[in-house]
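# Report on the structure
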Amino acid sequence: MGKTVPLTIDGKDVEAASGQNILEVAHEQGIYIPTLCHYSRTTNVGACRVCVVEVEEAKSLVASCCMPVSPGMVIRTNTPKVRDARRLIVELLWASGDHNCLNCEQNGACELQNLIYWLEIEKPRFPIEHPGYDVEKTNTMIQRDLNKCILCGRCIRACNEIQVNEILDFSQRGSRAKVGPAFDTDYIDSDCYFCGECADACPVGAITFKQARFAGRPWELKKVKTTCAYCGVGCQMDLNVHDNRIVKVTGNRAYEQPNWGSLCIKGRFGLDFVNHPDRLKTPLIRTEKGGELAEATWEEAYAFIAEKLTDIRKENGPESIAGLSSARCTNEENYLFQKFMRAVIGTNHVDHCARL
Amino acid sequence: MTNSVEEIEFTDVILATGTNTTENHPVISSRIKRAVSQRGAKLIVIDPREIDLVKYATLWLRQKPGTDVAVFNGLMNVIIEEGIFAKEYVENRTEGFEALKKVVEKFTPEYVEKISGVPVEDLKKAARLYAGAEKASLLYAMGITQHITGTDNVKSCANLAMLCGKVGIEGGGVNPLRGQNNVQGACDMGALPNVFPAYQSVISDEARVKFEKAWGATLSAKPGKTVVEIAEAAHRGEIKAIYVMGENPLLSDPDITHVEAAFKHLELLVVQDIFLTETARLADVVLPSACFAEKDGTFTNTERRVQRIRKAVPAPGQAKADWQIISGLSTKMGYPMSYASAEEIMKEIALVTPSYAGITYERIEKEGLQWPCPNTDHPGTRFLHKDLFSRGRGLFHAIEYIPPAELPDRDYPMILSTGRVLYHYHTGTMTRLAKGSMERCPESLVEIHPSDAQRLGIQDGQIVKVTSRRGTLQAKAKVTTRSDQGMIFMNFHFHEAAVNLLTNPALDPIGKIPEYKVCAVRVEAA
Ligand code: SF4
Ligand code: SF4
Ligand code: SF4
Ligand code: FES
């Protein structure tokens, strides 16, 4: 532990760790400071300024996410001056985009919407200007509606600092600034890897998952934590379920190891197979060699297999039977499978295809 | 992995060999890229292909496919020659150093350059960088294992790491990245012909007696056959029935034609899967199973972390979880299995599997635990071999270089290497139904170097014919310097261009892994 830094925050004397910023200290103390552009595990850029607080003897309000603590600091996080400043910022953001929540996918899960409510803003004092961008729908995975973008830059930092995929950036500066892949192209024409980190990072409805469009509102979705079924990283993720269907997959940074919310295209967009019409739904038996596979009941299938296996074992011994288990099945299933081959059939001819 | 995924980000030098991490383990590749771009770590890539990681590498050694042992021996030659190995570590914690030293003696950088094409100076720089690092993590994947010398390659990785004292420390280690989600778990659970759960040998009387008691059955002391051997035995008619759970060996095995013929010989083929795969089509009985989103259970990831999967949606039709199907069949065969839940099976696993003894569903509800976890108070193990190797001292293996089984010649002048792409997985059963993946990568491509393409009169996007001693196929060419001259690369996700019609089934004698990374082919415009 380094040296501690004594300071006062909302009238409370606290010891902060040196190197912490005001926002971190406040959160540790259970004091809420709103944020928009701040995104943990990425650089604090101080872009939105909704996290401003009053610091005694400072000339103006300071952005708490970028201001390191210093000894003797006296901080106030919720004065009328602070609230006015935040309101002004949020009203400007509201007015500068097409924040029509009625059909927005993020309705109910939007950080801007929450902030407007928390700050008790009836309506912005400025006229709303629709930026007039086309909604990008050129691919089946990510939908980009820059009319809702608040230019917080979280998507850019998520792409470059967390995934290090280096696809997104601001394409112009100032009020016409735009976020997107290089040369202002669509996602599908860029080198984007479709990891979806940018969509998870976006606080509003500007970058969303295309396949989830109109498939369920945030409060209707049940999130089920699970482990990705593709590669050996074993990413933790949330299946978002509505009406017994997986609507989308989201990362969850609170799950920490091993992936801290990051995913890749396979875990993120690779689950169309679950609901595919070609899924096998009933046992099938080919009663005669050369014949066709025909639907059967479980009872019939078990009986058929049990009889054949018993006969083959009787005639040729247990060594004439082999089992291939699977690196895609669970531990419990692999355990049971080898137990079955060893204890019930009586052979060690059991392997899986992972060498391949 | 001996170490944890997280540690990769906080190490000083990363040596990545035979792992195209950005495509096969994308989330781990982010850790590598962050280590390099945000923490100043140095990356050494040893790979015949110009994979994306090369962009982040301080050094890239482009060896000829299949010459890995020579390159590793060369690195060790430099390290021993220059006296920069971990002398104390070697003395106190290892054995077999003298024999190793003797073998690597002749692998001078000049000799290694002749074999592998890696320039003398690059080899020296890489050796110094790795040996000189305080912490260095060695990562490898199928590019190391899918050779007839796969086991030798793996041992060479271990040799190098031990020689430099990079094992048993945080941020160090020898770290195989597992390709499929639960390879680690399948092995841990004894889905292997020679071991029971937790690698307890079937020939050990003690282990067998233990399992005979636990399972109430007489068990065979004879080690079984591996996948490829099973297919061969089926071909010869020795194996008459095969029960396949969740695999599609028809597309993943080397030399498909042979496997198909073998499977057709069987008296009984049972396939349990979520789709009617190529293998299931040949089956006498097909059993519909639930997919990972429709059942409870655990997977063990590449860093030995046992993590939950949870039922989120109902299985279609009458499909059942694989564990329910096995239980049903077993009961029918007179050995009742009446587990009420996956959790109950895990309780049994913990009883017979020492490394999983401390793992319960309750403990892994929030975050998975890394084995070994010998009791319910144990916090799990982030990195292995902290004090001593499992067998005591770490053993060096002196390894000679053996060239690949099939080298290019007049009739088949190029080398074919196979692998995966970011957008697909394994035989494509799942990802080929993903709209997004198909949008990004709708077909198999033959990656070929521009100079070869020009010589053969092949344009980018043109259909080419690829022929090996075993078969022939057609696919579109992609002209790119990712492939070295004289080498092409294809993925194995597409049955339309099933690359395992071409690959060489020659096996590593110990690991029994086929040589997917090297076979000789002829390429021509179709
Ligand atoms: S999907 Fe991933 S790679 Fe593509 S822009 Fe978003 S964060 Fe970057
Ligand atoms: S798209 Fe979303 S995350 Fe990116 S800058 Fe706009 S509001 Fe922020
Ligand atoms: S999301 Fe991607 S990186 Fe993560 S486990 Fe799945 S396949 Fe692997
Ligand atoms: S959150 Fe601090 S400036 Fe945006």
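Residues numbered from 1 in each chain as written. Chains lettered and ligands numbered in written order. Predicted model: local features only at pLDDT ≥ 70, side-chain atom pairs only at ≥ 80, totals over all residues. Heavy atoms only, no water.

### As for the overall build of chain A
Looking only at helices and strands, one finds 8 helices and 16 strands in chain A. For a compact globule of 356 residues, the expected C-alpha radius of gyration is about 21 Å, and chain A comes in at 28 Å, more than 25% above that figure. Seen through its principal axes, chain A has C-alpha atoms that stretch 95 × 50 × 35 Å. By residue count, 59% of the 356 residues in chain A fall in the buried class. In chain A, 58% of the contacts between residues at least 6 apart in sequence involve partners at least 24 apart. On chain A, roughly 14,900 Å² of surface is accessible, and the fraction owed to carbon and sulfur atoms is 50%. Here chain A holds 42 positive side-chain charges and 46 negative ones, and the gap between their average locations is 2 Å. (Helix = DSSP H or I, 4+ residues; strand = E, 2+ residues; numbered from the N terminus. Rg over C-alpha atoms; globule rule 2.2 N^0.38 Å. Buried < 20%, exposed > 50% of the residue type's maximum accessible area, 1.4 Å probe, protein only. Contact = heavy atoms within 4.5 Å. Areas by Shrake-Rupley, 256 points an atom, 1.4 Å probe, with all protein chains shown as cover. Lys, Arg positive; Asp, Glu negative; His and termini not counted. Charge placed at Lys NZ, Arg CZ, Asp CG, Glu CD.)

### Description of the overall build of chain B
When its secondary structure is counted, chain B shows 19 helices and 23 strands. Taking 526 residues into account, the globule formula puts the C-alpha radius of gyration at 24 Å, and chain B, at 24 Å, falls close to it. In the structure as shown, chain B presents an accessible area of about 18,300 Å², 52% of it carried by carbon and sulfur atoms. Charge-centre separation for chain B: the mean point of 61 positive side chains lies 1 Å from the mean point of 64 negative side chains.

### Regarding the sheet that holds strand E14 (residues 369–370) of chain B
Strand order in the open sheet formed by 3 strands is E12-E13-E14 (chain B), and the pairing between neighbours is antiparallel. Each edge of the open sheet is held by one strand with a lone partner, namely strand E12 (297–300) and E14 of chain B. Taken strand by strand, helix H8 (residues 331–345) of chain A contacts E12 and strand E13 (305–309) of chain B, and its axis lies near 95 degrees from that of E12(B). (Pairing = 2+ DSSP bridges. Axes fitted to C-alpha atoms, helices over the stretch in contact; angles between N-to-C directions.)

### Thoughts on the sheet that holds strand E19 (residues 472–479) of chain B
All names here are of chain B. The mixed closed barrel is built from 6 strands, whose spatial order is E16-E20-E17-E19-E18-E23. The average angle at which neighbouring strand axes cross in this sheet is 45 degrees, direction not considered. Of the pairings in the sheet, the one linking strand E18 (residues 463–467) to E19 comprises 5 bridges and is antiparallel in character. Following the sheet pairing, Val-464 is matched in E19 by Ala-475.

### Quick word on the interface of chain B and chain A
Contacts between chain B and chain A engage 159 residues on the former and 117 residues on the latter. With both chains or domains summed, chain B and chain A bury close to 11,700 Å², and 61% of this area falls on carbon and sulfur atoms. Ranking the residues of chain B by area buried against chain A places Phe292(B), Met333(B) and Arg440(B) at the top, with a combined share of 6%. Remark: the boundary between chain B and chain A carries 6 salt bridges. Across the pair Glu319(A) and Lys222(B) runs a salt bridge whose closest N-O atoms are separated by 3.4 Å. (Buried area = accessible area lost by both parts, 1.4 Å probe. Salt bridge = Lys/Arg side-chain N within 4 Å of Asp/Glu carboxyl O.)

### Section: the domain arrangement of chain A
Per the domain assignment, the segments of chain A are domain 1 (3–78), domain 2 (129–275), domain 3 (281–316) and domain 4 (317–356). Spacing between the C-alpha centres of domain 2 of chain A and domain 3 of chain A amounts to 46 Å. (Domains from an automatic or database assignment.)

### Some thoughts on the confidence of the model for chain B
Residue and element names in this part refer to chain B. When pLDDT is averaged along chain B, the result is 92, and 98% of the positions lie at 70 or above. In the model of chain B, helix H13 (residues 249–252) stands out as the element of lowest mean pLDDT, 73, in contrast to strand E11 (residues 285–288), which has the highest, 98. Model confidence for the complex is summarised by a pTM of 0.92, with the ipTM given as 0.92. (pLDDT = per-residue confidence, 0-100.)

### Description of the nonpolar core
Leu309(A), Phe340(A), Leu268(B) and Val285(B) are the most contacted members of the largest nonpolar core, which has 58 residues in total. Of all the elements in the fold, those that place two or more residues in this core are helix H7 (298–316) and H8 of chain A together with helix H11 (205–215), strand E9 (241–245), strand E10 (268–273), E11, helix H16 (322–332) and helix H17 (342–352) of chain B. (Core = buried A, V, L, I, M, F, W, Y, C linked by side-chain atoms within 4.5 Å.)

### Here we look at the pattern of salt bridges
Inspection of the entire model under this criterion finds 42 salt bridges over all chains. Two residues, Glu111(A) and Arg154(A), come together in a salt bridge whose shortest N-O distance is 3.0 Å. Residue Glu111(A) is located in helix H3 (residues 111–118), and its partner Arg154(A) is located in helix H4 (residues 154–162); the two are separated by 43 residues in the primary sequence. Judged by its relative accessible area of 28%, Glu111(A) is partly exposed. Asp452(B) is the partner of Arg455(B) in a salt bridge, and the nearest nitrogen-oxygen pair spans 2.8 Å. Remark: Asp452(B) and Arg455(B) occur in helix H19 (residues 450–455); sequence separation between them is 3 residues, near one turn of the helix. You can call Arg455(B) exposed: its relative accessible area is 56%. For Asp452(B), a relative accessible area of 4% puts it in the buried group. Sharing partners across several salt bridges, the network here consists of Glu23(B), Arg49(B), Asp52(B), Glu447(B) and Arg482(B).

### Some words on the environment of Lys225(B)
The residue Lys225(B) is located in the loop between H11 and helix H12 (227–235) in this model. It is 19 Å that separates the C-alpha atoms of Lys225(B) and Gly246(B), two residues lying 21 residues apart in sequence. Once residues lying within four places of it in the same chain are set aside, the contact partners of Lys225(B) are Asn348(A), His349(A), Val350(A), Asp351(A), Pro193(B), Ile230(B), Ala233(B), Glu238(B) and Ile239(B).

### Points about the site of ligand 1
Around ligand 1 sit 13 residues, and of these Cys159(A), Cys192(A), Cys195(A), Gly196(A) and Cys198(A) come closest. Among the residues making up the shell around ligand 1, the classes are represented as 10 nonpolar, 2 polar and 1 charged. (Near = heavy atom within 4 Å. Nonpolar A, V, L, I, M, F, W, Y, C, P; charged D, E, K, R; others polar.)

### Focus on the site of ligand 2
The local shell around ligand 2 holds 13 residues, among which Cys149(A), Cys152(A), Gly153(A), Cys155(A) and Cys202(A) are the closest. Of the residues that constitute the shell around ligand 2, the class distribution is 11 nonpolar, 1 polar and 1 charged.

### Overview of the packing of helix H3 (residues 68–81) of chain B against helix H6 (residues 109–116) of chain B
Residue and element names in this part refer to chain B. In contact at an axis separation of 9 Å, H3 and H6 are set at 165 degrees when each is read in the N-to-C sense. Between H3 and H6, the crossing angle belongs to the class labelled roughly antiparallel. Two packed elements cross with a definite hand, and for H3 against H6 that hand is left-handed. Where H3 approaches H6, its residues Ala-70, Val-71, Gly-74, Asn-77 and Val-78 are matched on the opposing element by Pro-109, Val-112, Ile-115 and Ser-116. (Parallel < 35°, antiparallel > 145°, perpendicular 65-115°, else oblique. Left-handed = near helix turned anticlockwise from the far one by under 90°.)

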